Amino acid sequence: MNAALPIPDNDIGRYLIDGDALFDFAVDRPQFSWSVLSALPPGYEVDPTTIPRESVPYADGNPDFWYGSPRPQFSDALFEIVCWDSSATLLIGTDNHLILDAFRAAYPGAVDLDAENRSRA
C-alpha cells in the first residue's frame, strides 16, 4: 500500500476499519497490493487478532479467483474487494447493482470475472 491507514499499525497486518473511515481514506486513491478488503455488515464486531491465520482472506497465490464463481473468503463478508498485485482489482460476491454500477462507472474497462472464468473452462 502506498499510504498509511488511518488507524494504528499492528504486527499482524489485519485491520478493522469502519466504512466511513475507509471511504475518507480511499478518497486519495491509495494503491493496495495483495490485499483483501472484506465488507462486513454494519455493527459487526470482530477482533482481527483473534481470527485464526488459516481463516484470513488472502490474495497472493490464491488460485480460487480464476475458476467458477468466486465467493468471499471471510464467511461473514457481504462482499470482498481483492487487490491482485497492483494489476487487477476483483469485486467478489456482490450482486448489489448500486455497488456494481459504481464500480463499473469508476473502472469502465472492468470485465465480468465469472464470465472470464467460464470462457477459460
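Residues numbered from 1 in each chain as written. Predicted model: local features only at pLDDT ≥ 70, side-chain atom pairs only at ≥ 80, totals over all residues. Heavy atoms only, no water.

Chemist: Help me out: how do you make sense of the overall build of the protein chain in this one?
Modeler: A tally of regular secondary structure across the protein chain gives three helices and three strands. In the protein chain, the order of α-helices and β-strands from amino to carboxyl end is α-β-β-β-α-α. Here the C-alpha radius of gyration of the protein chain, 15 Å, is about what a compact globule of 121 residues would show, namely 14 Å. In terms of principal-axis extent, the alpha carbons of the protein chain reach across some 40 × 30 × 25 Å. (Helix = DSSP H or I, 4+ residues; strand = E, 2+ residues; numbered from the N terminus. Rg over C-alpha atoms; globule rule 2.2 N^0.38 Å.)

Chemist: For this particular structure, what's the right way to read the nonpolar core?
Modeler: Generally speaking, a soluble globular protein has its nonpolar side chains buried in company with each other. Within the largest apolar cluster, eight residues are counted, these being Val36, Ala59, Phe65, Val82, Trp84, Leu90, Ile92 and Leu113. Among the elements of the structure, strand E2 (79-84) and strand E3 (88-92) are those that each provide at least two residues to this core. With residues up to four places along the chain from it excluded, the contact list for Leu90 reads Phe65, Trp66, Glu80, Ile81, Val82 and Leu113. The next biggest cluster of nonpolar side chains, apart from the first, holds five residues, and it includes Ala39, Phe79, Leu100 and Phe103. (Core = buried A, V, L, I, M, F, W, Y, C linked by side-chain atoms within 4.5 Å. Buried < 20%, exposed > 50% of the residue type's maximum accessible area, 1.4 Å probe, protein only. Contact = heavy atoms within 4.5 Å.)

Chemist: Looking at this model, I keep getting lost on the sheet that holds strand E1 (residues 35-39). Mind explaining?
Modeler: Where strands meet in a sheet, backbone hydrogen bonds hold them as pairs that are either parallel or antiparallel. Strands sit in the order E1-E2-E3 across an open sheet of three strands; the sheet is antiparallel. With partners counted over all chains shown, the strands left at the sheet margins are E1 and E3, one partner each. Here the strands of the sheet are splayed against their neighbours by 15° on average, with no regard to which way each runs. Two strands pair when backbone bridges link them, and E1 and E2 are joined in this way by five bridges, in the antiparallel orientation. Considered in E2, the bridge of Leu37 is made with Ile81. (Pairing = 2+ DSSP bridges. Axes fitted to C-alpha atoms, helices over the stretch in contact; angles between N-to-C directions.)

Chemist: Can you walk me through the pairing of E2 in this structure?
Modeler: Among the six residues of E2, five are classified as buried, and the element is accordingly described as predominantly covered. Two strands pair when backbone bridges link them, and E2 and E3 are joined in this way by five bridges, in the antiparallel orientation. Across the sheet, residue Cys83 finds its bridge partner in E3, namely Thr89. Counting the residues between successive antiparallel strands, the hairpin from E2 to E3 contains three residues, one of them, Asp85, with a positive phi of roughly 55°.

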